[in-house]
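A structural walkthrough
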Amino acid sequence: SVARSGGGDATVVVTFSNSFSRELYFIHGQFSRANSTMSGVGTDTEWRLENGIYEIRVDDQRYEIPKVLILGE
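Residues numbered from 1 in each chain as written. Predicted model: local features only at pLDDT ≥ 70, side-chain atom pairs only at ≥ 80, totals over all residues. Heavy atoms only, no water.

This part is about the packing of aromatic side chains. Tallying each qualifying case throughout the model produces five aromatic pairs. Seen from their ring centres, Phe 16 and Tyr 63 are 6.5 Å apart, and the 50° between their planes marks the pair as tilted. One end of the pair, Phe 16, is in the loop between β2 (9–15) and β3 (21–27); the other, Tyr 63, is in strand β7 (residues 61–66), with 47 residues separating them in the sequence. For Tyr 63, a relative accessible area of 7% translates into the label buried. (Phe/Tyr/Trp six-rings, centres within 6.5 Å; stacked < 30°, edge-to-face > 60°. Helix = DSSP H or I, 4+ residues; strand = E, 2+ residues; numbered from the N terminus. Buried < 20%, exposed > 50% of the residue type's maximum accessible area, 1.4 Å probe, protein only.)

It is worth spelling out the side chain of Asn 35 at this point. Take Asn 35: it is sitting in the loop between β4 (30–34) and β5 (45–50). Looking at Asn 35, its side chain comes within polar contact range of the main-chain nitrogen of Glu 23, at 2.7 Å. The contacts of Asn 35, once residues within four sequence positions are left out, are Arg 22, Glu 23, Tyr 25, Gly 40, Val 41 and Gly 42. (Polar contact = N/O pair within 3.5 Å; in protein donor to acceptor, adjacent residues only side chain to side chain. Contact = heavy atoms within 4.5 Å.)

As a further point, take the sheet that holds β5. Across the sheet, three strands lie side by side as β5-β6-β7; this open sheet has antiparallel pairing. At either end of the open sheet lies a strand with only one pairing partner, and these are β5 and β7. Direction aside, neighbouring strands of the sheet carry axes that sit 15° apart on average. Pairing between β5 and strand β6 (residues 53–58): six bridges, direction antiparallel. When the sheet's bridge partners are listed, Trp 47 is paired in β6 with Ile 56. (Pairing = 2+ DSSP bridges. Axes fitted to C-alpha atoms, helices over the stretch in contact; angles between N-to-C directions.)

Have a look at this one:
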């Protein structure tokens, strides 16, 4: 799920089939951080925006999120 507040600020909640979830936070269209989980503290991150897709690594997890979900364009 995605909650946007405009200006590229958004929170994405990724929920897996085992009910595990992780929150990804964006500020002004840039990935900022993720919440802490049993998988890690969420501060070991790398990200890039390429071809309209955010490619994000948090701890040992990888996510691909379409830019339109964050910016609503």
